[in-house]
Amino acid sequence: MNLENITLISFGYFEKGLLEIICDDVEREFSVPVKIREGYMALSVYYDASRKQYNGNGLLQEIESRFATETTKTLGLFNVDLFIPILTYIFGQAFLNGNSGIASIYRLSNERYGLKKDQTVFIDRIRKEVIHELGHTFGLIHCTNPTCVMRSSTYVEDIDQKEHMLCTKCKGMLATKPQNEGLN
Amino acid sequence: MAKKISILIVDDEESVRDSLYNWFIEDGYRVECSENATKALSMLESDSFDIVLADIKMPGMDGLEMLKRIKSLRKDSIVIIMTAFATVDTAVQALKDGAFDYVTKPFDPDDLSHLIRNASKQISLLEENEILKEKMVSLENVEDLIGTSEAMQQVLREIESVAQSNASVIITGESGTGKELVARAIHANSPRKFFPLVSVHCGALSESLLESELFGHEKGAFTGAVYNRKGRFEMADSGTIFLDEIATISAKMQVELLRVLESKSFVRVGGNKEITSDFRVICATNRDLKTMVEKGLFREDLFYRLNVVNINVPPLRERIEDIPQLVEYFIKKYCISMNKPAMTIETAALKRLEEFPFPGNIRELENMIERAIVVGNGKKISLKDLPLGKTVVNTTVESLDDLEKNHIFQILAKYNWNISVSAKALKVDRVTLYNKIKKYDLKPAK
């Protein structure tokens, strides 16, 4: 498979230039060109009124069926609160070794937790989440290295603890995955 | 590398199965799913899973029923019960039935991670425990049984093969060969190792004392019985009882012992309550029990009851190649216990030890080395430190017969089994010496 690019598609309102800032870092981690575009989707279909959240499984399926291709890794970015039936919330999810993933910026801002706005921290969290979910599409599982971007994060504080880069071990695994031949 | 933990998700809702599947796959676990309990149980029969995550409400068999069935298949399996409608009753019931934990859907991502991490820790601990147990089985208490000779290796093989069973064992061998060490090794490598090994020296107790010692007694059973006292059979419950010098017990005690071995129950002296105890019997003797049976001195039925397995511990003269290793072991042992710097032994002294017949076997060698360390120069054990020409005090010899036998053997060995010279040294005539040799079944060392 010849991977042409990574496509980041934003759904809903995103601050201008927000995704452009993280492009270079994503491109550097995976050595694949990154494209950014806006997308449209009827999000209300996935809204669960009882939970006041959006079903992440449905959104991921739609990204996979409507936007993903065999030659791209597609990540849908949302500004709504995501859940999956078994969990109270998720930051994002992706098909392991697949072509698509989703991430939400909803729970990544300081204001959500009653703290003072910090744009640098916010962008840093988005950068890490995007790279993390894309890592799964490249076949990487959660890493035990506390600073690796593939470390599992269940709270924003966990995201802040890690770097936005893959650790040496994950980089090695990325290079040895057959479908990733030619990367790095 | 750590083993990959496997998880089986059992839930009738596809979305729940998929969500959990994706979540755990990203965490690097091996994951499989089942939509109902029946299918899950058949999956568990053909494949092993470390953790089962099961919904409580499912059509057909519910999670609690499945939990019971899983526990009957594998007692140590880890089952986590999930439910959307938590009630205290169901939670308590699940935990009572052996669930590892109980969670309410939907759960916080962090709770899920914690839950699986804790379960994984439990699995690692159980596995570690198994590995340690196996290590203990193969190593424990065998370090005292020193020797690479074929004769000793045979003993070690026999210990290994008999240890795991419940069979009665008779350990035979001359005095001082290490019969009690063999008994300890059998116990330490048996499934009873975490329970007591109770030793009784039958030869050192009179009949009435032995009876009270073995069966215990009730307060007031006899003069001096001021308390209720547990007997050795009772103390050995779930463990092993080691009856040393079994050949010395009286005819009455032989009958009593046979009855206890057959019923595993007994009554304390002066009592009337039947007490049961689950013990394994290991006996030791330096006599030929079979000959005693033939002569009517030992009950045949008791002999066959005890002699399920016989381990014969060879005398030291039959494994002289083990002497250097034993000497080294005892030197090290006594230098440490006496707080002395490490010592060695002169080649000539070691050679003489290898030629010595050692009628008192390893115990005699041990005493000899201990003495040499006390009287020696603190650096090297030399010939002059070893009482090879003299009789070594053997604390295990208790009867005059044993003493006479050992002495005659040493004199015969000293004069290369020249009967005339030996008889002269012993100040007896040749016929008497021949009779003694026959009586004690003395033979020249190989």
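Rules of the game
- Residues numbered from 1 in each chain as written.
- Chains lettered and ligands numbered in written order.
- Predicted model: local features only at pLDDT ≥ 70, side-chain atom pairs only at ≥ 80, totals over all residues.
- Helix = DSSP H or I, 4+ residues; strand = E, 2+ residues; numbered from the N terminus.
- Buried ≥ 20, exposed ≤ 12 C-beta atoms within 10 Å, placed from the backbone.
- Contact = placed C-beta atoms within 7 Å.
- Expected span 1.5 Å × (residues − 1).
- Nonpolar A, V, L, I, M, F, W, Y, C, P; charged D, E, K, R; others polar.
- pLDDT = per-residue confidence, 0-100.

Peer 1: How should the overall build of chain B be read in this particular structure?
Peer 2: Looking only at helices and strands, chain B features 18 helices and 16 strands. Here chain B holds 446 residues, and 35% of them are scored as buried. In chain B, 70% of the contacts between residues at least 6 apart in sequence involve partners at least 24 apart.

Peer 1: Before we go on, may I ask you to explain helix 15 (residues 361-375) of chain B in this structure?
Peer 2: An α-helical turn contains 3.6 residues, so a residue and the one three or four places further along point in the same direction. Residues and elements named next belong to chain B. In this model, helix 15 (15 residues) spans 21 Å end to end at C-alpha, consistent with the 21 Å of a helix rising 1.5 Å per residue. Of the positions making up helix 15, those classed as buried are Asn361, Ile362, Glu364, Leu365, Met368, Ile369, Ala372 and Ile373. As for helix 15, its buried residues are in contact with helix 13 (323-337) and strand 16 (380-381).

Peer 1: What's the story with the interface of chain A and chain B in this structure? I'm lost.
Peer 2: Often the size quoted for an interface is simply the accessible area lost on bringing the parts together. Contact with chain A, which involves 15 residues of that partner, is made by 19 residues of chain B. When residues of the side of chain A that touches chain B are assigned to their parent elements, the largest contribution, three residues, is made by strand 7 (residues 87-90) of chain A. Here the residues of the side of chain A that touches chain B are counted per class, giving eight nonpolar, seven polar and no charged.

Peer 1: Help me understand the confidence of the model for chain B in this model?
Peer 2: Should the pLDDT be low somewhere, the predicted coordinates at that spot are not to be read in detail. Of the residues in chain B, 93% reach a pLDDT of 70 or more, and the chain-wide mean stands at 85. Scoring the predicted complex yields pTM 0.52 and, for the interface, ipTM 0.76.

Peer 1: Teacher, can you tell me more about unusual backbone geometry here?
Peer 2: Negative phi characterises most residues that are not glycine, and trans characterises most peptide bonds. In this model, lysine 105 of chain B is joined to proline 106 of chain B through a cis peptide bond whose omega is -10 degrees. Its location among the elements puts proline 106 of chain B in the loop between strand 5 (101-104) and helix 5 (109-139). With phi around 65 degrees, asparagine 97 of chain A is a residue other than glycine that occupies positive phi space. Along the polypeptide, asparagine 97 of chain A turns up in the loop between strand 8 (92-94) and strand 9 (100-104). Among the residues examined, asparagine 97 of chain A registers 15 C-beta atoms within 10 Å and is labelled partly exposed. Of note in this structure, asparagine 361 of chain B is not a glycine but carries a positive phi near 55 degrees. Within the fold, asparagine 361 of chain B resides in helix 15.

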